[in-house]
Amino acid sequence: MMPIILQIVLSEVILIAIGVFLLWKPDLVWKLEHFLDVKGGEPTDFYTGNVRLLGTLMLVGAIVFPVIMLAMH
């Protein structure tokens, strides 16, 4: 069993990496999701805004998550 601190650190790294990726490359996220569905299509501004919002929420979660986990233990 992993120590709780190691679990928190690994979770933080994953949340931050995904959050930064969603903020910086929403067009690539769209292409990864729809590369078999659409040929030559482009994401809408609404889609890219939502992906960036999700990335922001994940980064905020990366800040809040360890506080909650440490408070529980």
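Structure: see above.
Residues numbered from 1 in each chain as written. Predicted model: local features only at pLDDT ≥ 70, side-chain atom pairs only at ≥ 80, totals over all residues. Heavy atoms only, no water.

S.K.: Please explain the overall build of the protein as it appears in this structure.
M.R.: Across its full length, the protein carries three helices and zero strands. Counting from the amino terminus, helix and strand elements in the protein follow one another as α-α-α. In summary, the protein has a C-alpha radius of gyration of 16 Å against a globular reference of 11 Å for 73 residues, an excess of more than 25%. On the principal axes, the C-alpha backbone points of the protein span a range of 50 × 25 × 15 Å. Scored against the burial criterion, the 73 residues of the protein give a buried share of 22%. For the protein, the exposed area adds up to about 5,500 Å²; of that, 74% sits on carbon and sulfur atoms. (Helix = DSSP H or I, 4+ residues; strand = E, 2+ residues; numbered from the N terminus. Rg over C-alpha atoms; globule rule 2.2 N^0.38 Å. Buried < 20%, exposed > 50% of the residue type's maximum accessible area, 1.4 Å probe, protein only. Areas by Shrake-Rupley, 256 points an atom, 1.4 Å probe, with all protein chains shown as cover.)

S.K.: Is there a simple way to explain helix α2 (residues 26-34) in this structure?
M.R.: Note: α-helices contain 3.6 residues per turn, so residues at a spacing of three or four share the same orientation. Among the residues of α2, those classed as buried are P26, V29 and W30. The buried residues of α2 occupy an angular sector of 100 degrees when projected down its axis, which confines them to one face. On its buried face, α2 sits against α1 (4-24) and α3 (45-72). (Arc of directions from axis to C-beta. Contact = heavy atoms within 4.5 Å.)

S.K.: Which parts of the structure should I look at to understand a nonpolar patch on the surface?
M.R.: A surface patch of nonpolar side chains, amounting to about 480 Å² of accessible area, comprises V60, I63, V64, I68 and M72. Among the secondary structure elements, V60 is positioned in helix α3. Looking at V60, the relative accessible area reads 42%, which means it is partly exposed. (Patch = residues over 30% accessible without salt bridge, like charges linked within 9 Å, V, L, I, M, F, W, Y side chains within 5 Å. Salt bridge = Lys/Arg side-chain N within 4 Å of Asp/Glu carboxyl O.)

S.K.: Mind showing me how you'd approach the nonpolar core here?
M.R.: One broad trend across soluble globular proteins is that nonpolar side chains are buried collectively. Ranked by size, the top nonpolar core spans six residues in total: L22, V29, W30, Y47, V51 and M58. Listed by contribution, the elements that provide at least two residues to this core are α2 and α3. Element by element, the count of residues in this core is highest for α3, at three residues. Those residues within four positions of L22 in sequence are excluded, and the remaining contacts are V29, V51, R52, L54, G55 and M58. (Core = buried A, V, L, I, M, F, W, Y, C linked by side-chain atoms within 4.5 Å.)

S.K.: Explain the side chain of E12 here, please?
M.R.: Relative to the elements of secondary structure, E12 occurs in helix α1. Within the buried core, E12 has no salt-bridge partner, and the shortest N-O distance to an opposite charge, that of R52, equals 21 Å. (Lys, Arg positive; Asp, Glu negative; His and termini not counted.)

S.K.: What exactly am I supposed to notice about the side chain of T48 here?
M.R.: Tracing the backbone shows T48 in helix α3. In this structure, T48 is in contact with P26, D27 and P43, ignoring residues within four places of it in sequence.

S.K.: Before we go on, may I ask you to explain the environment of F65 in this structure?
M.R.: With respect to the element layout, F65 can be found in helix α3. Once the C-alpha coordinates of F65 and I8 are considered, the two residues, 57 residues apart in sequence, prove to be 8.1 Å apart. F65 has contacts with S11, E12 and L15, leaving out every residue within four places of it along the chain.

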